[in-house]
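The residues making up each chain are set out below.
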Amino acid sequence: MEQIEADATPGEQWMQQLNATCNRLSTQYLNLMRAASSISALEEGRHDPRAGGTMMNSFSDPPPPPLAADVALSSLQCLTATENITVACSQILTSIRTLRLSLLLMDSDTMEAEECLQVEYAQKRTTETLQEIAKLEQTLFELTKQQEQISTTVVAPNQQV
C-alpha cells in the first residue's frame, strides 16, 4: 500500500534548506576547530616508536614523521572545513537573497490573502479549542454531580443509624 505525502510548501522547503545549511555550517566549523587544535597530536599513545620520531633540536632539523603526518592531516582538514564553510555561507546568503526578493515581489493582494488565511486558521483553532473546553467543563460538572450524589447516598444511611 502506498502512502501519499503532501508536498512541502515553498516556505517549508526553504526552511528545511536553511536548517540543513546551518547544520552543515556548524558541523564544518567544529571540524575546523578540531583540525586547528590538532587533538590527535595531543593524545597519549599516538607516537609509534618505529616511526623514528625524535625531538627537533633546531629549526633546520626536519620534523619527525608522526609530527609531519599530523601537521599534514590537520592542514588538509582545515582547508576542507574552510572550503565547506565558504560554500555553506554562500548558500545561506543565496537563501536570504531569495527570501528578500520574494518579499519584494509579493504584491499586496497576495499578502492580504496570506493574512486572511492565517486569521482563518487561528479562528478555526480558537473555535475548536473553545468546543473542547466546553466538553471538558460539561464532563467535569457531571462528574462533580455524580460524586455529590454518591457522597449524599453514603452519608444518608449513616445518619439513620
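Residues numbered from 1 in each chain as written. Predicted model: local features only at pLDDT ≥ 70, side-chain atom pairs only at ≥ 80, totals over all residues. Heavy atoms only, no water.

1. What about the overall build of the protein chain?
What counts here: Where helices and strands are cited, they refer to DSSP runs of H or I of at least four residues and of E of at least two residues respectively, numbered from the N terminus. Exposure categories follow from relative accessible area, calculated using a 1.4 Å probe and restricted to protein chains: below 20% of the type maximum is buried, above 50% is exposed, and the middle band is partly exposed. By definition in these notes, contact holds between two residues if any of their heavy atoms fall within 4.5 Å. Exposure was quantified through the Shrake-Rupley algorithm and a 1.4 Å probe, taking into account, for residues, occlusion by the shown protein chains and nothing else.
Helix and strand counts for the protein chain stand at four helices and zero strands. Traced from its N-terminal end to its C-terminal end, the protein chain shows the element sequence α-α-α-α. Put simply, the protein chain has 161 residues, and 11% of those count as buried. Taking contacts inside the protein chain between residues at least 6 apart in sequence as the whole, the part at least 24 apart equals 69%. Accessible surface computed for the protein chain: about 13800 Å², of which carbon and sulfur atoms make up 60%.

2. Things to note about the confidence of the model for the protein chain
So the rule is basically this: Values of pLDDT, which run from 0 to 100, indicate the predictor's confidence residue by residue.
Looking at the protein chain as a whole, its pLDDT mean stands at 77, while 74% of the residues score no less than 70. At the level of individual helices and strands, the protein chain shows its lowest average pLDDT in helix H2 (residues 39-42), which scores 50, and its highest in helix H4 (residues 108-160), which scores 85.

3. A short note on the side chain of Ser95
Mapped onto the fold, Ser95 is located in helix H3 (residues 65-105). Accessibility expressed as a relative area gives 3% for Ser95, which makes it buried. Those residues within four positions of Ser95 in sequence are excluded, and the remaining contacts are Trp14, Gln17 and Leu18.

4. Description of the state of the cysteines
Condition: Disulfides are defined in this document as cysteine sulfur pairs within 2.5 Å.
Evaluated as defined, the whole model comprises zero disulfides. Just so you know, Cys22 is unpaired, no disulfide at all, and the nearest cysteine sulfur is the one on Cys89, 9.3 Å from it. Looking at Cys22, the relative accessible area reads 36%, which means it is partly exposed.

5. Section: the side chain of Thr21
Along the chain, Thr21 turns up in helix H1 (residues 10-37). Residue classification places Thr21 among the buried residues on the basis of a relative accessible area of 4%.

6. Digging into a negative patch on the surface
Stated precisely, the cut-off is as follows: Put simply, a patch holds well-exposed residues, over 30% relative accessible area, that have no salt bridge, with like charges counted together within 9 Å and Val, Leu, Ile, Met, Phe, Trp or Tyr side chains within 5 Å. Here, a salt bridge means any side-chain nitrogen of Lys or Arg that lies within 4 Å of a carboxyl oxygen of Asp or Glu. Counting rule applied: Lys, Arg positive; Asp, Glu negative; His and chain ends not counted. To locate a charge, the coordinates of NZ of Lys, CZ of Arg, CG of Asp or CD of Glu are taken.
Side chains of Asp107, Asp109, Glu112, Glu114 and Glu115 sit close together on the surface and give a patch of like negative charge. Along the chain, Glu115 turns up in helix H4.

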